[in-house]
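# Structural characterization, general
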Amino acid sequence: MWNILKGEWRKLRRCQILLVGIVALALCPVVQYGTQLIINPEIRDTSFDFVSLFANVIWGNTQIFLPLSLVMIGGWLIDRENTNDTMKNLLTVPVSYPKLLGGKLIVTIFLSLIFGLYSVAVTVLTGTIAGLDGLSAAVLLRQGVQVVSAAFNTCLVCMPMILLFGQMRGAYLGGSLLTFFLGYCILFFKSGFLLSAYPFSAALILAGFDMQEYNGATQDPSVLLALAGVAAVLVLTMAILLLSCPGKKAGNEQKKRIKKGRGRRHA
């Protein structure tokens, strides 16, 4: 597995879509601060500070930027093997197909943690340039952990979409747009079961995010339901992994290679 992870990590250097995620996450604090300026032109005279900016970034990342970026990048890692016709070579390695996919998912999870740390750095830079108050070691630690936790949880709930659309040739871009829509739906669940159990809401709740302030929730969310929502996504991810099989073309190529090798050994 370690060799698989190293190989997948090296492939990211050729992933131009990675730049989309980097740019999108860099724009998130700028967009969030700019939106607040439009809504409230006198924002500098209000209580909007670093804590508020961090909260806006967490909301924007989970709702828009991370679902788009992670599904595009994770889907690309899977799709490129079929597009570049390299899957038939990978299938000759004594590693199961679900394990190959699992390695790609683990790399995407590591990338989400890096994206979280990157978001923290960009948010601090944006807030410093904007002249916001309230930055301290305690705030940076508390809000930074929340940003990274939300990024990690968001990646977990995106994994089924990565697996499904990554295995459909050329469909991962459409999958990222669908995932963006699913993230945007957080706005519509303000009470009841879906407020807590909806996966993208659950990702925020488990990170300690205040849902009542940002999506207008009319009741306190349930941590237990949030755990159940994320657990259901993980079960679905495992089911997709176990049921996944290589494409017909790649599978036929693998069988031909095995038969050809047996024939040579017999001769």
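Scroll up to find the structure this text is about.
Let me begin by describing the structure that accompanies this report.

Reading the values: rules and limits
Residues numbered from 1 in each chain as written. Predicted model: local features only at pLDDT ≥ 70, side-chain atom pairs only at ≥ 80, totals over all residues. Heavy atoms only, no water. Helix = DSSP H or I, 4+ residues; strand = E, 2+ residues; numbered from the N terminus. Buried < 20%, exposed > 50% of the residue type's maximum accessible area, 1.4 Å probe, protein only. Contact = heavy atoms within 4.5 Å. Core = buried A, V, L, I, M, F, W, Y, C linked by side-chain atoms within 4.5 Å. Expected span 1.5 Å × (residues − 1). Polar contact = N/O pair within 3.5 Å; in protein donor to acceptor, adjacent residues only side chain to side chain. Axes fitted to C-alpha atoms, helices over the stretch in contact; angles between N-to-C directions. Parallel < 35°, antiparallel > 145°, perpendicular 65-115°, else oblique. Left-handed = near helix turned anticlockwise from the far one by under 90°. Nonpolar A, V, L, I, M, F, W, Y, C, P; charged D, E, K, R; others polar. Phe/Tyr/Trp six-rings, centres within 6.5 Å; stacked < 30°, edge-to-face > 60°.

Turning to the environment of Leu234, a few remarks are in order. Note on placement: Leu234 falls in helix H11 (residues 223–243). Taking the relative accessible area as the measure of exposure, Leu234 reaches 34% and is therefore partly exposed. Sequence-wise, Leu234 and Pro160 are 74 residues apart; in three dimensions their C-alpha atoms are separated by 8.3 Å. Among residues more than four places away in sequence, those in contact with Leu234 are Leu156 and Met159.

Moving on: the nonpolar core. Grouped together as the largest cluster of nonpolar side chains are 71 residues, with contacts concentrated most on Ile73, Phe115, Phe209 and Met211. Those elements that place two or more of their residues in this core are helix H2 (17–39), helix H3 (50–83), helix H5 (97–130), helix H6 (137–166), helix H9 (199–206), helix H10 (211–214) and H11. Here the element with the most residues in this core is H3; it accounts for 16 residues. Setting aside chain neighbours within four positions, we find Met211 in contact with Trp59, Ile186, Leu195, Ser201, Leu204, Ile205, Gly216 and Ala217.

The terminal C-alpha atoms of H5, which comprises 34 residues, lie 49 Å apart, in line with the 50 Å expected from a rise of 1.5 Å per residue. Residue Gly131 follows H5 closely and has a positive phi angle near 75 degrees.

Below, the discussion takes up the side chain of Ser196. Of note, Ser196 is situated in helix H8 (residues 192–197). A polar contact of 2.7 Å, which involves the side chain of Ser196, links it to the backbone nitrogen of Ser222. Discounting residues that sit within four places of it in the chain, Ser196 has contacts with Ala202, Ile205, Pro221, Ser222, Leu225 and Ala226.

This next bit is on the packing of H3 against H5. Between H3 and H5, the shortest axis-to-axis distance is 9 Å and the interhelical angle comes to 150 degrees. Between H3 and H5, the angle is such that the two are roughly antiparallel. By crossing handedness, the relation of H3 to H5 is classed as right-handed. Its residues assigned to classes, the contact of H3 with H5 shows 15 nonpolar, nine polar and two charged.

Aromatic ring pairs are reported here in terms of the distance separating the ring centres and the angle at which the planes meet. As enumerated under the stated definition, the model contains five aromatic pairs in all. With centroids separated by 6.1 Å and ring planes inclined at 10 degrees, the aromatic side chains of Trp59 and Phe209 adopt a geometry described as stacked. Of this pair, Trp59 sits in helix H3 while Phe209 sits in the loop between H9 and H10, and the two are 150 residues apart along the sequence. This pair shows no difference in class: Trp59 is buried, exactly as Phe209 is.

Any link to function would need more than the numbers given here.
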